[in-house]
Amino acid sequence: MAGHPFARVTPASMTHLLPTQRESDLPDADTLPCMLVWLSTEGVVLRGNKAFADFCSVSIGQGTALALPTVLSADSAAALAPQLAARRDFEINLCLPRARNAAWADAWLDCRARWLPDPGCYLCTLHDVTTTRLAELSARARADQFQLLADNVPVLISSFEAGSFRCLFANKRYAHTFGFDEHSVIGCTFAEIIGPDAAEAIQPYVDYVLQEHKATSYERELRAPDGSRHWLEVNLIPHLGPDGTLLAAFVLITDITKHRLAEQAVRESEERLGKFMQASVEGILFHKKGYITDANPPLCELVGFTLDELLGRYVLDFVPADHVGKVAAIMEAGEETSYESVILHKDGRRMPIEFIVRTIERHGERMRMTIVRDIRDRHAAQAHIQHLAHHDVLTGLPNRVSLMDHLGHMIAAARRNDSQVALLFIDLDHFKRVNDSLGHLVGDTLLQTLARRITETLRTTDVVARFGGDEFIVLLPRTLQRMDVEEVAQKLLAAIEVPVNADGRLISVTPSIGVSMFPHDGETADDLIKNADTAMYLAKSRGRANFQFFTSEMASSAYAALVLESQMVQALARGEFELYFQPQVRARDGVLVGAEALIRWNHPERGLLLPDAFIPLAEQQRLMLPIGQWVLREAARCARRWHAAGMVGVPVAVNLSTVQFQTSGFTALIEQLLREEDVGGELLEFELTERMLMDDLPEVKRKLGELKEMGIRISVDDFGTGYSSLAHLKELPIDKMKIDRSFVLGLPSETDSAAIARAIVQMARGLGLAVIAEGVETDAQRGFLARLDCDELQGTLISKPLSLAGFEAWVAARSSLTVA
């Protein structure tokens, strides 16, 4: 075998390699049955006996010396090298792979080496263990294949020893199901694995296998921790020895939940359908090819026939002729749909119904199921909804939508007939007082009564509608003369003014009525309503309880004030107010130290309004309280947002009105606001005028003290224009004085203004207060105030009042300049 790796190894060729050793001195190894080989520390074969040469299938005298590692597998060669280098006894298994072109397969040798110090080599015995190793590998491969199969089938598999009931084998699915892995489960008893209660439950089946040596199976129903049900099919298969002795038992567990649930679903579906048929309040029938096979009691009641009278009848017999075509087409097409139709009662009445049609399997037959839904109530409800959509719920009068429809038709008819239409806008005077004092139920009763009175006052061709809360509109078509409209208005005034008995109380309200005429006062419905509304406000301004015709000269101050008052109330609800912010800076270096919040009104018609255009009226009408609260809340939100963003950490100054400050519970409202908006008081500053500080000094002192406890700073606004005294000021917890813009305007040229400014700064210093000057517009003013040692400046020289976005941009721009 020229291709054998040991073909060149012979006793003769190896003898001369033993160091300083004569052949006659070597032991006679050829007589030994085992293979012997002498190896150097480098693995060179120094000598091999005859058994070794026979194993290698070589002839004596052939070949030359050989290094053993060169013919070993890479793993064996790597493992042998350190053993040889250690110069001590060792044992190792070696693998000789198939040689190229060789007829023999891989071989395995068990090597036991003895170190011989003299002559300095290893004497090794080699035993051929190839057959044993191949058997082990084959068994391992089969075991790996079985394990792979067992771990990947959708079945829980295990094996338990017959005597001890301990686990011998388990696949991954089995082990993981019971909280083990495939290693830790080995050796555990089945009671330890599945629990004592479950073990007790299956013990009869285990006993059967032990006694009968036969396979058995059973089902178990389990409850998962989440309450869901699971069904398992368990097979116990005995493992018998050659002599019939029971060695172990295999356990195969299959989850059959899907099958049981499917069976259960079918049963429950049949039961539900039967119960549904009997319990449903809607009619249900089954038909096959159009002939009725079953029907429930509600259907029989709906059509007036008994079940016996219905069975076998053709379904189209119960459909009127004008609907047969549609129903027949749907039946022919086999559609699953729902649609409205009509059926005939036994007495011949037509009844609106809805068909809901499905194709189902019942008792193994394919048939059609039809739900017959009575929609008479639905049609009535739709009619009612249609009525509600065009009528006011409380009074039953036409609502705004219906009014606009009526008015549109009247205008079109008046154009065709060259006639007039009168529109009377009625608003009940001080109706809000009724709701606030007596409650909404009384108010509703009053509205219902007045709606009836107005209707009774008019012709049948006239229209009255409820336009809003306490607003009504009357339409008078085909009006010929103004005096006719005046007569109707007088009747309405008289009818409405009569006291109403509501819950035993006599309540009297008066109307203010505005009148507009088509086409003189407007060509469209919107114009007529708007102009009548304008005339109504004029009636209110002239003492209420009267009527006024619209004229183009109605833009009087009284009317404008009333309109503006109403618009301010709406502005709060619509979010038309907006805060602007004017920066306050330190005089010596221009660093931002605060910002004053200034209200603006984005009027939908007049554009952006400054406070002077609406605040005086708001203070007269006590609208300042809700407006002031809005300003405080918005300022607090902005201060919190800026502080959280790290953009601005200075307080926002807010002007308080007298109405706000004198309101009962003012400081409690502020405390609640800070809590609701999650903002610290140190981020707010309140500006109060001198006049506000002089009324009821003890109460003012108490309120300011409570505000200071919240961390809020207090500033005296427009200082120098009021009549405060130093004795009063020093008793109050004030932080800052503001020099009024009227004194700053003349600086530095006007000596009086300069003297007043100087005195205010000196007085503030004496009281330990900071000083800010507002209205700074020129560099000369800034320089003069800086020389006076005024602490802070505010005015258009620094910046005009800015919108929220504008102020944030201003701050960002100054920050970037500072960084640069």
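As shown above, the structure is provided for reference.
Quick caveat, the model's predicted, so the values are computed rather than measured.

Quick notes on the rules
- Residues numbered from 1 in each chain as written.
- Predicted model: local features only at pLDDT ≥ 70, side-chain atom pairs only at ≥ 80, totals over all residues.
- Heavy atoms only, no water.
- Helix = DSSP H or I, 4+ residues; strand = E, 2+ residues; numbered from the N terminus.
- Polar contact = N/O pair within 3.5 Å; in protein donor to acceptor, adjacent residues only side chain to side chain.
- Contact = heavy atoms within 4.5 Å.
- Expected span 1.5 Å × (residues − 1).
- Buried < 20%, exposed > 50% of the residue type's maximum accessible area, 1.4 Å probe, protein only.
- Bend = angle between axes of the 7 residues up to and from the residue.
- 1 Å grid on protein atoms, 1.4 Å probe; cavity = no way out; pocket = protein on both sides within 12 Å on 5 of 7 lines; lining within 4 Å.
- Points joined across faces, edges and corners; volume = space filled by probe spheres on them.
- Nonpolar A, V, L, I, M, F, W, Y, C, P; charged D, E, K, R; others polar.
- Pairing = 2+ DSSP bridges.
- Axes fitted to C-alpha atoms, helices over the stretch in contact; angles between N-to-C directions.
- Salt bridge = Lys/Arg side-chain N within 4 Å of Asp/Glu carboxyl O.
- Core = buried A, V, L, I, M, F, W, Y, C linked by side-chain atoms within 4.5 Å.

Peer 1: Please clarify how the side chain of K540 should be interpreted in this entry.
Peer 2: For K540, the location among the structural elements is in helix α17 (residues 525-541). One polar contact links K540 to D427, side chain to side chain, over a distance of 2.7 Å. There is a polar contact of 2.8 Å between the side chain of K540 and the side chain of D429. Among residues more than four places away in sequence, those in contact with K540 are D427, L428, D429, S512 and L562.

Peer 1: Just checking my understanding: could you explain helix α16 (residues 482-497) for this structure?
Peer 2: For an α-helix, 3.6 residues make a turn, and residues three or four places apart therefore share a direction. Compared with the 22 Å implied by 1.5 Å per residue over 16 residues, the 23 Å span of α16 between its first and last C-alpha is a close match. When α16 is considered as a whole, its buried residues turn out to be V485, V488, A489, L492, L493, A495 and I496. Tucked inside the fold, the buried residues of α16 contact β17 (420-428), α15 (440-457), β19 (471-479), β22 (511-518) and β23 (547-549).

Peer 1: What's the story with helix α7 (residues 196-212) in this structure? I'm lost.
Peer 2: Between the first and last C-alpha of α7 there are 24 Å, a value that for 17 residues agrees with the 24 Å anticipated at 1.5 Å per step. The largest bend in α7 amounts to roughly 50 degrees and is located at I202, with the proline P204 lying one to four residues further along. A198, A199, I202, V206 and V209 are the residues of α7 that are buried. Next to the buried residues of α7 lie α6 (190-194), β9 (216-223), β10 (229-240) and β11 (246-255). Directly beyond the C-terminal end of α7, a positive phi value near 55 degrees is found at H213.

Peer 1: Just checking my understanding: could you explain the layout of surface pockets for this structure?
Peer 2: Over the atoms, a rolled probe matching the size of one water molecule traces out where space is still vacant. Taken as a whole, the largest pocket spans an internal volume of roughly 1600 Å³. Y537, L562, S566, Q567 and Q570 are, among the 43 residues lining the largest pocket, the residues nearest its centre. Where the lining of the largest pocket is concerned, the elements lending two or more residues are β17, α14 (431-438), α17 and α18 (557-574). Among the elements that line the lining of the largest pocket, the one with the most residues is α18, at eleven residues. When grouped by side-chain class, the residues that make up the lining of the largest pocket number 17 nonpolar, nine polar and 17 charged. For the second largest pocket, the calculated volume is near 980 Å³. As for the second largest pocket, its lining consists of 35 residues, of which E596, L598, P611, N655 and D717 are closest to the centre. When contributions to the lining of the second largest pocket are tallied by element, the ones reaching two or more residues are β25 (592-603), α19 (615-620), α20 (624-645), β27 (652-655), α21 (658-662), β28 (684-689) and β29 (713-719). The element that contributes the greatest number of residues to the lining of the second largest pocket is β25, accounting for five residues.

Peer 1: Looking at this model, I keep getting lost on empty space enclosed by the protein. Mind explaining?
Peer 2: Evaluation of the coordinates by the stated rule reveals one cavity of 30 Å³ or more. Taken together, 20 residues line the largest cavity, and the ones lying closest to its centre are L285, V315, F355, T370 and V372. Where the lining of the largest cavity is concerned, the elements lending two or more residues are β12 (283-288), α9 (297-303), α11 (321-333), β14 (338-344), β15 (350-362) and β16 (365-374). Partitioned by chemical class, the residues of the lining of the largest cavity number 17 nonpolar, two polar and one charged.

Peer 1: I'm lost on the sheet that holds strand β3 (residues 66-67) in this one. Help?
Peer 2: Hydrogen bonds between backbone groups are what pair the strands of a sheet, and the pairing can be parallel or antiparallel. What the six strands build is an open sheet, ordered β3-β2-β1-β6-β5-β4; its pairing is antiparallel. Two strands lie at the open edges of the sheet, namely β3 and β4 (90-96), each paired on one side alone. Sheet topology places strand β5 (residues 107-116) next to strand β6 (residues 121-128); eight bridges connect them, and they run antiparallel. Residue A113 lies in a different strand from β6, and its bridge partner there is C124. Across the face of the sheet, helix α3 (residues 74-85) comes into contact with β1 (35-39), β4 and β6 while running at roughly 155 degrees to β4.

Peer 1: Looking at this structure, I do not really get unusual backbone geometry. What am I missing?
Peer 2: Across the chain, the bulk of peptide bonds are trans and the bulk of non-glycine residues have phi less than zero. In this structure, P519 follows F518 across a cis peptide bond, with omega equal to 5 degrees. Of note, P519 is situated in the loop between β22 and α17. The residue after L747, namely P748, is reached through a cis peptide bond having omega -5 degrees. With respect to the secondary-structure elements, P748 resides in the loop between α26 (741-744) and α27 (751-767). Within the chain, D418 stands out as a residue other than glycine whose phi angle is a positive 55 degrees. In this structure, A545 takes a positive phi of about 55 degrees despite not being glycine. With respect to the helices, strands and loops of the structure, A545 is situated in the loop between α17 and β23. For A545, a relative accessible area of 30% translates into the label partly exposed.

Peer 1: Teacher, can you tell me more about the sheet that holds β22 here?
Peer 2: Pairing is mixed in the open sheet, where five strands are placed in the order β18-β19-β17-β22-β23. Every other strand in the sheet has two partners, leaving β18 (463-466) and β23 as the edge strands with one partner each. Between one strand and the next, the sheet's axes are offset by a mean angle of 20 degrees, whatever the strand orientation. Where β18 meets β19, four bridges bridge the pair, whose relative direction is antiparallel. Residue pairing for β19: R466 is matched across the bridge by F472. Sheet strands touched by α17: β17, β19, β22 and β23. Its angle to β22, the strand with the most contacts, is close to 145 degrees.

Peer 1: Would you explain the pattern of salt bridges in this entry?
Peer 2: On inspection of all chains with the given rule, the structure shows 41 salt bridges. The salt bridge partner of R373 is E354, with a shortest N-O separation of 3.4 Å. One end of the pair, R373, is in strand β16; the other, E354, is in strand β15, with 19 residues separating them in the sequence. R373 sits in the partly exposed class, given a relative accessible area of 26%. For E354, a relative accessible area of 12% gives the class buried. With a closest N to O distance of 3.4 Å, R640 and E677 form a salt bridge. Within this pair, whereas R640 is found in helix α20, its partner E677 is found in helix α22 (residues 666-677), the two being separated by 37 residues in sequence.

Peer 1: Just to check I follow, could you spell out the nonpolar core for this structure?
Peer 2: Within soluble globular proteins, side chains that are nonpolar generally end up buried alongside one another. Core analysis: the biggest nonpolar cluster contains 82 residues, and M568, F686 and F807 have the highest contact counts within it. Among the elements that make up this core, the one with the highest residue count is α20 (nine residues). Excluding its chain neighbours within four sequence positions, the residues that come into contact with F686 are L632, V654, L656, F666, I670, L707, I712, R713, I714 and S715. One finds F472, V474, V509 and I513 within the second-largest nonpolar core, a separate group that totals 33 residues.

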